[in-house]
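Spelled out from the first residue to the last, the chains are:
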Amino acid sequence: MGSAVMAKPGDRIRMVVQSIETATQRVIGVVLLLTVLLVVIRPREPNNPTNPLIVVVGLALACAGFVFAARRFGIRPAPWSAKRGNRLGWTLCGATTALAWLTAYTSVYETTWDSRLVQLASALPPDEFSEYYVAYFSRYPNNYAMLAVARIARGMGAIGLNYDAAFALINAACYLAAAVAMYIVVRQIRGAKAGALSLVFLLGVLGLSPWMSVPYTDVLAMWTPIVALALFLPVLRGPTIRGVVGALAGGAVLAVGFVLKVTPVVGMVAVVAVGVLAFASPGSRRRHARRAVATSLIAAALGFGAGYVGFSAWASSSADMPPLTPGVSKVPLSYVADGIREQYRDDGSVVYGGYDRVVNLATWGRPTDEQTETSRELIGEQVSTRGFAGMVGFAIDKWTFNFGDGTFWARGEGQDMAKPLLASFPWRAVGAANDPAVPLWGIHVHLAEILWLFILTVSGAGLLVCPPRRDILLAAVTLLGAGLFMLVFQGRSRYLIPHLPVFCAVAAIGAATVWRRLAPRLGRRAILPG
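This is a predicted model, so every value here is computed, not measured.

Turning to the overall build of the protein chain, a few remarks are in order. A count of helical and extended segments in the protein chain gives 20 helices and 2 strands. Based on the C-alpha atoms only, the size of the protein chain along its principal axes is roughly 80 × 55 × 55 Å. Per-residue burial over the protein chain gives 50% buried out of 530 residues. Put simply, of all contacts in the protein chain between residues at least 6 apart along the chain, 80% involve residues at least 24 apart.

Here it is in structure tokens:
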């Protein structure tokens with residue numbers, strides 16, 4: 001009786017932790033499904049508009065086809081050994097990366113925004129920077145890392161590659177790193193078939209996208225969240241030295257992503273949140289296990305700090321910039337002021353929470369304390385004008401606007417939409433689906449939108465039916481963090497690109513989970529593959 005009474009506090013802790021983990025995973029699943037519903041019934045038109053009827057019918061057919069396939073074929077043992085299946089998975093990693101490189105090489109066009117500015121600056125020695133370039137990098141000093149990579153691309157001219165061809169290789173290398181890490185994560189959680197499906201998803205939403213050819217931070221940072229997730233997985237499987245080392249390396253990888261693009265920092269928040277649950281769970285009550293969890297969290301923080309200092313030092317040195325104006329960099333509250341306002345394109349359509357000219361003019365070149373005060377006033381104006389209900393409505397519109405764009409703002413910056421492909425025949429024909437002047441572009445946009453909404457659908461459904469697991473929870477919390485980051489700060493749908501491999505991983509895991517649930521209930525019973 002005494003031992004049973006002693007066990008009650010542990011039981012209560014276990015129930016609380018499990019309830020929190022289950023509720024969090026389910027809530028994120030519901031959020032993703034509601035997002036799809038909002039996009040379908042109340043779309044907020046992105047820069048590449050689609051026909052709502054075509055999208056709804058296409059998504060319905062995709063979902064119906066998925067259910068039919070699960071019912072018709074069930075789950076059967078793989079016709080090959082685990083070793084051969086793994087070999088096929090790695091082959092698919094290489095094949096999809098090759099297609100992504102081909103897309104990057106054949107879809108090159110002349111960008112008209114920050115990407116172009118960095119490209120031009122990378123050809124200049126420090127003493128030839130114009131006053132505007134100095135002012136730009138003083139305001140956005142985080143772009144020195146992008147400039148450092150751009151100078152590497154310039155240096156690849158020594159082996160016969162021009163700037164665009166060099167970045168096609170660099171972006172393809174980032175894609176390969178993301179694809180490999182994603183396959184490893186999904187294979188460990190749901191097997192090689194689900195890992196292969198994640199590769200197909202990633203190819204469809206990004207590998208064949210015009211973004212593969214754009215020399216900017218979005219694709220450069222895309223490997224960091226998923227590689228960090230792969231490194232953090234051993235931490236969740238028990239107290240081992242490998243887990244501590246993985247946490248240290250994962251933190252450093254997220255720091256690289258943070259320097260390049262900022263948004264990967266949400267991965268650290270997710271690690272801390274899930275790590276706290278692991279620390280508090282009954283399975284971690286033993287002193288050794290608790291110490292291992294705490295050590296891993298500290299290692300992740302130390303890795304992040306060391307990675308930030310090290311990569312920042314390398315980027316600052318390699319960027320080779322002239323002295324910048326101190327104290328005028330854009331303050332975080334200015335990004336919130338951007339993100340809370342509506343902007344209007346030339347055709348009168350609305351952009352929710354993107355780059356805002358009013359905020360930019362009011363804060364450009366100003367001291368940081370003055371920027372903060374100005375931003376606070378602009379935020380106050382919006383809040384007082386809209387009121388509580390208006391702010392909630394704006395948040396829903398902004399969330400729908402950003403998550404309802406399957407092309408992720410492709411060709412949406414500056415005057416990019418009007419720029420022709422630079423590739424010559426026959427390469428130009430290969431990249432025709434990424435040329436807005438060609439009818440294939442419209443087909444590409446609709447297919448990308450349907451695929452993206454299908455990814456969100458199976459992700460949400462999978463999180464609802466999958467038993468709570470901390471590895472899946474870590475990925476799901478990371479996705480939610482990316483969405484909330486975009487909701488609070490300035491953001492466009494392209495800011496999701498660094499987390500697309502994580503989305504595709506969760507979608508593949510979700511699809512495999514839902515398939516396993518559907519097969520026995522709707523069709524024949526089957527033996528699950530090992």
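This part is about the packing of aromatic side chains. All chains considered together, the criterion is met by 25 aromatic pairs. Ring centres of W101 and Y105 lie 5.4 Å apart, and the angle between their planes is 20 degrees; this geometry places the pair in the stacked category. Within this pair, W101 and its partner Y105 are both found in helix α3 (residues 82-106), separated by 4 residues, close to a single helical turn. For Y105, a relative accessible area of 32% gives the class partly exposed. Between F129 and F137, the aromatic rings sit 6.1 Å apart at their centres with planes inclined by 40 degrees, giving tilted as the arrangement. The exposure class of F129 is buried, given its relative accessible area of 10%. Linked through ring pairs, F129, Y133, Y136, F137 and Y140 together constitute an aromatic cluster. Cation over ring: R386 sits above F394, and NZ or CZ is 4.1 Å from the ring centre. Taking the ring centre of Y109 as reference, the NZ or CZ of R411 above it sits at 3.8 Å.

It is worth spelling out a nonpolar patch on the surface at this point. Taken together, the side chains of V30, L34, L37 and I41 define a hydrophobic patch exposed on the protein surface, amounting to about 370 Å² of accessible area. With respect to the secondary-structure elements, I41 resides in helix α1 (residues 2-41). On the basis of relative accessibility, which here comes to 59%, the residue I41 falls in the exposed class.

This next bit is on helix α2 (residues 52-73). The terminal C-alpha atoms of α2 lie 31 Å apart, and with 22 residues this matches the ideal 32 Å at 1.5 Å per residue to within 8%. For α2, the N-terminal capping position is held by N51, with its side-chain oxygen 2.9 Å away from the main-chain nitrogen of L53. Positive phi appears at G74, one or two residues downstream of α2, with a value of about 60 degrees.

What follows is about the side chain of D416. Within the secondary structure layout, D416 lies in the loop between α16 (368-403) and α17 (427-430). Buried D416, no salt bridge; nearest opposite-charge side chain is R411, N-O distance 6.5 Å. Of note is the side chain of D416, whose polar atom sits 3.0 Å from the side chain of Y109. Separated by 2.7 Å, the side chains of D416 and W113 make a polar contact. In contact with D416, not counting residues within four places along its chain, are Y109, E110, T111, T112, W113 and R411.

Close contact between helix α4 (residues 114-121) and helix α6 (residues 144-155) brings their axes to 9 Å; oriented N to C, the two are set at 55 degrees. As the angle between them shows, α4 and α6 are arranged oblique. Handedness of the α4/α6 crossing: right-handed. Contacts from V118, Q119, L120 and A121 in α4 reach M146, L147, A150, R151 and R154 in α6. In the contact of α4 with α6, the residues fall into 6 nonpolar, 1 polar and 2 charged.

The periodicity of an α-helix, 3.6 residues per turn, causes residues three or four places apart in sequence to face the same way. Taking 1.5 Å of rise per residue, 12 residues should cover 16 Å, and α6 covers 16 Å from first to last C-alpha, within 8% of that figure. Of all the 12 residues making up α6, 9 are buried; the element is thus mostly covered by neighbouring parts of the structure. Among all positions in α6, only Y144, A145, M146, L147, A148, V149, A150, R151 and A153 are buried.

Before going further, it helps to examine the confidence of the model for the protein chain. Interpreting fine coordinate detail is not advised for predicted regions of low pLDDT. A residue-level look at the protein chain finds 92% of positions with pLDDT of 70 or above and a mean pLDDT of 90. Long-range and interchain partners of residues 1-7, a stretch whose pLDDT sits below 50, account for 0 contacts in this model, where long-range means more than four residues apart. The model gives residues 523-530 a pLDDT under 50, and that stretch makes 16 contacts with residues more than four places away or in other chains.

Residue P426 follows F425 across a cis peptide bond; omega there is 5 degrees. You can see P426 is positioned in the loop between α16 and α17. Notably, W409 is not glycine yet its phi reads approximately 65 degrees, a positive angle. Take W409: it is sitting in the loop between α16 and α17. For R411, which is not glycine, the phi torsion reads 60 degrees and is therefore positive. For R411, the location among the structural elements is in the loop between α16 and α17.

The next thing to look at is the environment of E381. Inspection of the secondary structure puts E381 in helix α16. In this structure the C-alpha to C-alpha distance between E381 and F454, which are 73 residues apart in sequence, comes to 38 Å.

Turning our eyes to something else, we now look at the side chain of S459. Tracing the sequence through the fold places S459 in helix α18 (residues 440-465). By relative accessible area, S459 is classed as buried at 1%. In this structure the side chain of S459 is engaged in a polar contact, spanning 2.6 Å, whose partner is the backbone oxygen of I455. Once you skip the residues sitting within four places of it in the chain, S459 turns out to touch L32, F503, V506 and A507.

This part is about the pattern of salt bridges. All chains considered together, the criterion is met by 15 salt bridges. Of the charged contacts in the structure, one is a salt bridge between E21 and R470, with a shortest N-O distance of 2.5 Å. You can see E21 sitting in helix α1 and its partner R470 sitting in helix α19 (residues 470-488), a full 449 residues away along the chain. Residue class for E21 comes out buried when judged on its relative accessible area of 9%. Among the residues examined, R470 registers a relative accessible area of 23% and is labelled partly exposed. Between K261 and D218 there is a salt bridge, and its shortest N-O distance comes to 3.1 Å. Note that K261 is positioned in helix α11 (residues 241-261) and D218 in helix α9 (residues 217-220), a separation of 43 residues in sequence. Grouping residues by exposure puts K261 and D218 together as buried. Salt bridges sharing partners connect three or more residues here, namely D218, K261, E413, R492 and R494.

Conventions and cut-offs
- Residues numbered from 1 in each chain as written.
- Predicted model: local features only at pLDDT ≥ 70, side-chain atom pairs only at ≥ 80, totals over all residues.
- Heavy atoms only, no water.
- Helix = DSSP H or I, 4+ residues; strand = E, 2+ residues; numbered from the N terminus.
- Buried < 20%, exposed > 50% of the residue type's maximum accessible area, 1.4 Å probe, protein only.
- Contact = heavy atoms within 4.5 Å.
- Phe/Tyr/Trp six-rings, centres within 6.5 Å; stacked < 30°, edge-to-face > 60°.
- Lys NZ or Arg CZ within 6 Å of the ring centre and 35° of its normal.
- Patch = residues over 30% accessible without salt bridge, like charges linked within 9 Å, V, L, I, M, F, W, Y side chains within 5 Å.
- Areas by Shrake-Rupley, 256 points an atom, 1.4 Å probe, with all protein chains shown as cover.
- Salt bridge = Lys/Arg side-chain N within 4 Å of Asp/Glu carboxyl O.
- Expected span 1.5 Å × (residues − 1).
- Polar contact = N/O pair within 3.5 Å; in protein donor to acceptor, adjacent residues only side chain to side chain.
- Lys, Arg positive; Asp, Glu negative; His and termini not counted.
- Axes fitted to C-alpha atoms, helices over the stretch in contact; angles between N-to-C directions.
- Parallel < 35°, antiparallel > 145°, perpendicular 65-115°, else oblique.
- Left-handed = near helix turned anticlockwise from the far one by under 90°.
- Nonpolar A, V, L, I, M, F, W, Y, C, P; charged D, E, K, R; others polar.
- pLDDT = per-residue confidence, 0-100.

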